[in-house]
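Observations on chain architecture
Listed below are the residues making up each chain.
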Amino acid sequence: MYPIRKITADEVCEALALALEVFMEFEAPDYKPEGTETFKRDIIENEEFISNCRKSICPIYAAFDGGRIIGLMGMRSTKTHINLAFTKKEYQRQGVATAIFKFLLNDLRSENPDLKEITLNSSPYGKEFYLRIGFEALSDEQEIDGIRFTPMKYTIQ
């Protein structure tokens, strides 16, 4: 398997470039143009979020192949909500995202042994993956600012 770790401040731009690349290929076709703009504005171009990623306030966990990021999962500052999860096309369906999630979960639990759940808002493209790894849908699909999502949670045993 590929090495997984939290990214460094110097790797944030590479991680967000990967997120945008995968979003445009797999997510944007299912969204209205407003949704794509919302994603870019709220995540990719959001200076406060980028700064918080560089300071590990909003940690990003990534898998690497030959020193390049191939998949990632990012957290909000609460460290209870995943707000980024993307894997490069050629590495999808190889266990990369599952391995990143397991690493992330172990890391978060070492910091906070009382952590009971992790939440996320799944895109239509990612929903089946999250169901497979143990997340449950909390409601039907919603849409806000052009972003389609299903609120989900993972209960930690």
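Residues numbered from 1 in each chain as written. Predicted model: local features only at pLDDT ≥ 70, side-chain atom pairs only at ≥ 80, totals over all residues. Heavy atoms only, no water.

This brings us to the pairing of strand β5 (residues 117-122). Pairing between strand β4 (residues 81-87) and β5: 2 bridges, direction parallel. Bridge pairing in β5 places Ile82 opposite Leu120. Following the chain from β4 across helix α4 (residues 96-111) to the adjacent parallel β5, one finds a crossover that is right-handed. With 6 bridges connecting them, β5 and strand β8 (residues 147-155) associate as antiparallel partners. From the neighbouring strand, Thr119 faces β8, where its bridge partner is Lys153. (Pairing = 2+ DSSP bridges. Helix = DSSP H or I, 4+ residues; strand = E, 2+ residues; numbered from the N terminus. Right-handed = clockwise from strand over helix to strand, strands pointing away.)

Given a rise of 1.5 Å per residue, 16 residues ought to cover 22 Å, and the 23 Å separating the end C-alpha atoms of α4 matches this to within 8%. Among all positions in α4, only Val96, Ala97, Ala99, Ile100, Phe101, Leu104, Leu105, Asp107 and Leu108 are buried. (Expected span 1.5 Å × (residues − 1). Buried < 20%, exposed > 50% of the residue type's maximum accessible area, 1.4 Å probe, protein only.)

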